[in-house]
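Survey of secondary and tertiary structure
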Amino acid sequence: MGVGHSSLSSCSVDSLCITAFIAQPKTSSFSNSNRQKPLFLTKKQSPFAVLKIGTLNCARVAGEMEIEKGIAAAGKPIVDRHGIDDGLIQKIVYDALVWSSLHGLVVGDRNDQRSGKLPGVGMVHAPIALLPTSFPESHWKQACELAPIFNELIDRVSLDGKFLQDSLARTKKVDAFTSRLLDIHSKILEMNKKEEIRLGLHRSDYMLDEKTKLLLQIEFNTISSSFAGLGSLVTDLHRTLLNDYGEDLGLDSKRIPGNTATGQFAEALAKAWTEYNNPRAVAMIVVQTEERNMYDQHWLCTVLKERYNVRTIRKTLAEIDSEGQLLPDGTFLVGGQAVAVVYFRAGYAPTDYPSESEWRARLLMEQSSAIKCPSISYHLAGTKKIQQELAKPNVLERFLESKEDIAKLQKCFAGLWSLVDSDITKKAIEKPELFVMKPQREGGGNNFYGDDVKETLLRLQKEGSEEDAAYILMQRIFPAVSPTFLIRDGVCHKDHAISELGVYSAYLRNKESVIMNDQCGYLMRTKVSSSNEGGVAAGFAVLDSIYLT
């Protein structure tokens, strides 16, 4: 759920399956003419000397300066990142690339056709920020505090089948993908099937609005909340670099908070597997046919096996349809193996369902007793429309009793509106730069900005159809712009960027017993400020970590 200047979202982000990032065309907004040049260039050829930094809005620059003054007054170190010596930067870049290679901070290389199919073939370092991005400690603590509250909210929303069906009823008429998901959900409701063991591996994404200094939510991901594996590694990388170069840079590695996302996600999966109570059963990862972000997933599976002795299998939806079998008692077999937990890293986008085979597989899994992460109800609870509905007055009270918790959630809600609100629609046409228009999709690259918002709204009004139900309008968030270094394909780019903080969380309940409800590490994503969209896998952002100020 959420809103933003852009959606740096993963999928829910496995659209944040870094596949799309690696397939990014050379004309990307954060490419430059030096993209194919070697890391070490002569001083005359240095990309830092010739890179042209885009002109920034004066008001935004002034705002950034005020922020820096405030932090400096508080005694925190402020580093002029673009003033760092080029020679020192090149040394740090070299060490970062070596570390990434040795520690598995890698993705599939788009230049090798087998990289998304065969592990160990065609690997390249993940797109990363060279140094961590500054972030206020108070807002970091706020984001962590919100995690268990959002977990509880989503769980309760998922149990209210009428709310989900009613809220998405208009969307169902015009959005074929959402309609198919709702059909599955209806079948499960008709069966009166109870999901006694419910598991959610979530990520709530935020941006810090420069003008209001408020932490505002972009969205809440309930399916395929990716990069727990690689995100944890970026934190380790930045800590290592600051241990080695912190004195030269004026930065302290202790200001980077620890990131245990991989271990805690694995712990949640292992606990769910234990609750299922079949030691012979496996955990199944639902994957796309070509997955260049497989190493992020394999990190999680490796920890699951080595720490908890839980075996995993990887299957596409088509393979599940072919090999899956539902026994009379609800046991779900795939290839003859009982499945305790189904962990979706695919299934969030229409492209994941190219035929009826994939839809049959999804329904079969929902009908089984296997623990789904997410279940169809959790999946629907994370849609943009439900996010918008929850932001309406007095709706949170339907699901939460604590007035304090409700107030904390409402404080991070940005403006969210249905297109049936004529006043807001009129304002969005007049000032489209203040809004983001979002469809019911995950993974980045789907949103409308600027003139596209205006043109789409005018088209919908002219046609007079109900297609407007497929979208929501969101307030556009404008975070502070800061200088940074982005590394992609072994080349370091100097630019100005904005960042988005994602906080992971895990929720596990068996009947009325809450077994786990924790904040589980974080993901920082950074992109050049000139880009609207922001998904890593969608090709717009790099992985980053935070430096508390």
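See above for the structure.
First things first, this report covers the structure right here in the doc. Computed from a prediction, not measured in an experiment: that's the story for all the values here.

Here we look at the sheet that holds strand S14 (residues 435-439)
- The sheet built from four strands is open, its strands ordered S13-S16-S14-S15 with antiparallel pairing. Because the sheet does not close on itself, it has two edges, and the strands there are strand S13 (416-418) and strand S15 (448-449).
- Sheet analysis places S14 next to strand S16 (residues 471-475), joined by five bridges and oriented antiparallel. Among the inter-strand pairings, Pro439 is bridged to a residue of S16, identified as Tyr471.

Concerning the packing of aromatic side chains
- Inspection of the entire model under this criterion finds ten aromatic pairs.
- Among the aromatic residues, those joined into a cluster by ring pairs are Phe150, Phe220 and Phe413.
- Sitting over the face of the ring of Phe344, Arg362 holds its NZ or CZ atom 4.7 Å from the ring centroid.

Observations concerning the pairing of S14
- In terms of residue burial, S14 counts as a mostly covered element, since five of its five residues are buried.
- Alternating positions in S14 separate into two faces, Phe435, Met437 and Pro439 on one and Val436 and Lys438 on the other, with burial throughout.

Section: a nonpolar patch on the surface
- Together, Tyr94, Val98 and Leu102 make up a nonpolar patch on the protein surface, roughly 320 Å² of accessible area in all.
- For Val98, the location among the structural elements is in helix H4 (residues 86-103).
- Taking the relative accessible area as the measure of exposure, Val98 reaches 35% and is therefore partly exposed.

The rules behind each value
Residues numbered from 1 in each chain as written. Predicted model: local features only at pLDDT ≥ 70, side-chain atom pairs only at ≥ 80, totals over all residues. Heavy atoms only, no water. Pairing = 2+ DSSP bridges. Helix = DSSP H or I, 4+ residues; strand = E, 2+ residues; numbered from the N terminus. Phe/Tyr/Trp six-rings, centres within 6.5 Å; stacked < 30°, edge-to-face > 60°. Lys NZ or Arg CZ within 6 Å of the ring centre and 35° of its normal. Buried < 20%, exposed > 50% of the residue type's maximum accessible area, 1.4 Å probe, protein only. Patch = residues over 30% accessible without salt bridge, like charges linked within 9 Å, V, L, I, M, F, W, Y side chains within 5 Å. Areas by Shrake-Rupley, 256 points an atom, 1.4 Å probe, with all protein chains shown as cover. Salt bridge = Lys/Arg side-chain N within 4 Å of Asp/Glu carboxyl O.

These figures come from the coordinates and say nothing about function on their own.
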